[in-house]
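# Reading the structure
The chain contents come next:
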Amino acid sequence: MTIIGLVGPFGSGCSFVAKEILEKEFGYCYISLSDILREEYWAENSLDAGTPIERNTMQDFGDAVRSKHGANYLSRKAVEKIAVISDSGKDKFVIDSIRNPEEVYYLKSQYVDFFVFGIFAGNNLRWERIQSTYSGNQAQFLADEKRDKGGDKVAHGQRVTDAFLTSDAIILNEAPIVNKNEAFLTLKAKVEKYIGLFTGRATDKSPTEVESIMCMAYSNSLRSSCLKRKVGAVIVDSKGNVFSSGYNEVPLLEKPCLNMYGGCYRSVSKNKIEQLFNKDGVPGDLKGSVMAQVKLLEKCRALHAEENAILNVARFGSAAVLKDATLYTTTYPCNLCANKIAQVGIKKVVYYEPYPVEEAKITLEKAHVEQEMFEGITFNSYFRVFNEIIL
């Protein structure tokens, strides 16, 4: 049995890939976690099936359902559906609308051949695709998206960013599709390629240069002692030769935060500020609005992965080789790293994580630094897909 899960920000085209390509073109049986949630909402509220539901209402209900029954509740219901349908001989399924990483983890625990496809498109394009459903209200779209990607920090809520990072393959869907035009055929070919690699039917099983280098960046990230996020970066020349790498870490001879403070130093500092707002007479809304803006990046004791990769070039050679180089990073550069990337003349950044930092994006654009979202087999499945044992 082969099961493919789809995750991505709304407007990226997950449902299109699921229905128009996987179901209609390749015969996969379609199951949607959002449909399961809608059915429960209609039943609980005694509404007729098909009654429209606002997105933020669905988000509220989804949070409540996952809070009550567990973060993987919807994926458990999907497994029940698959068990019933498979009795009729079906052995290929696509599960749409994954929103929480626990849904992924549960499905991986149930099926050996379960693979996650991350579908992505840029913010502006996604807004163009779905603005009619918001009656042109972009502010509401941005609010829903912030919550959808995990901005409310609720463990059982929508956490699309975290779920996206579990992807086994990432597919960019950024060309306008009209019927079965060239863009549609290209998208279909991408899906078919990754199905072939995951099921062992592909004839070409060699990784691309981008896939290999991003896997190196991820491997490097595992060296980090950071308690919040482990990030890796690799810099290559125009021919793809690696000449520097880095990961986020405290300076040489410094001890990690855990050893020094028993936790993240930024978190310790933020807690001290938050305590000031816990005094009597401080309005709760004031505390919330202020703390939402408190990032304390200057309190981070670590050099970022991109910084370390750039500095390592200067330590062991000449910064001149950075001109026209490409930097691969497992996240998207922050504002401070974007400044340094622009300053040293790096010509291109390939990043893995969705949702670019807008201020950093502007800095890189002004410096004419090309920005490219990673596409291909991710480090989550790199060795499973490409490691062939030669006897």
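Everything below is about the structure printed above this text.
So, a few notes on the structure that sits alongside this text.

Each value, and the rule that gives it
Position numbers for residues start from 1 in each chain and track the written sequence from start to end. This being a predicted model, a pLDDT of at least 70 is required before a residue's local features are given, and a value of 80 or more before pairs of side-chain atoms are given or counted; all residues contribute to the totals for chains, interfaces and linings. In computing side-chain properties, one takes all heavy atoms of the structure into account and sets aside hydrogens as well as water. When DSSP finds at least two bridges between two strands, those strands are taken to pair. A run of H or I in DSSP becomes a helix once it reaches four residues, and a run of E becomes a strand once it reaches two; helices and strands are each numbered from the N terminus. The contact definition used throughout considers only heavy atoms, calling two residues in contact when any of these lie within 4.5 Å. What counts as an axis is a line fitted to C-alpha atoms, over the stretch in contact for a helix, and the angles between N-to-C directions run from 0 to 180 degrees. Only rings of Phe, Tyr and Trp enter the pairing, Trp through its six-membered ring, and a pair is recorded when the two centres are within 6.5 Å. The plane angle decides the type: under 30 degrees is stacked, over 60 is edge-to-face, the rest tilted. Here the term buried applies to any residue with accessible area under 20% of the maximum for its type, exposed to any over 50%, and partly exposed to those in between, with areas from a 1.4 Å probe on protein chains only. Working rule: Lys NZ or Arg CZ, within 6 Å of ring centre, within 35 degrees of ring normal, means a charge sits over the ring. Regarding the arc, it is the one traced by the directions from the helix axis to the C-beta atoms.

Taking strand neighbours across the sheet as the criterion, the six strands line up as 2-3-1-4-5-11 in an open arrangement whose pairing is mixed. Edge strands, defined here as strands with exactly one partner in the open sheet, are strand 2 (29-32) and strand 11 (376-377). As defined by bridge partners, strand 1 (residues 2-7) adjoins strand 3 (residues 92-96) across four bridges and the pair is classed as parallel. Looking at strand 3, one finds that T2 is bridged to K92. Where helix 5 (residues 101-110) meets the sheet, its contacts fall on strand 3 and strand 4 (114-120), and the angle it forms with strand 4 comes to roughly 150°. Where helix 9 (residues 182-199) meets the sheet, it contacts strand 1, strand 4, strand 5 (169-172) and strand 11, and its direction lies at approximately 170° from that of strand 5.

Moving on to the packing of aromatic side chains. Applying the stated criterion across every chain, the model contains 17 aromatic pairs. Judged by centre distance (6.0 Å) and plane angle (50°), the ring pair of Y352 and F374 falls under tilted. With Y352 in the loop between strand 9 (348-351) and helix 16 (358-366) and F374 in the loop between strand 10 (370-373) and strand 11, this pair connects stretches of sequence that are 22 residues apart. Owing to a relative accessible area of 1%, Y352 belongs among the buried residues under this scheme. A relative accessible area of 1% means that F374 is categorised as buried. Between Y352 and F379 the ring centres are 4.7 Å apart and the planes differ by 45°, which places this aromatic pair in the tilted class. On the criterion of sequence distance, the pair formed by Y352 in the loop between strand 9 and helix 16 and F379 in the loop between strand 11 and helix 17 (382-386) is long-range, its members being 27 residues apart. Of the two residues, Y352 and F379, neither departs from the other in class, the shared state being buried. Taken together, the ring pairs in this structure connect F10, W127, Y134 and F141 into an aromatic cluster. Geometry around F10 places R55 over its ring, the cationic atom sitting 3.9 Å from the centre.

This brings us to helix 6 (residues 123-130). Those residues of helix 6 lying buried are R126, W127 and I130. Buried residues of helix 6, seen end-on, are gathered within an arc of 100° and therefore sit on one face of the element. Among the exposed residues of helix 6, those oriented more than 90 degrees off its buried face are N124 and E128. Buried residues belonging to helix 6 abut helix 7 (138-148).

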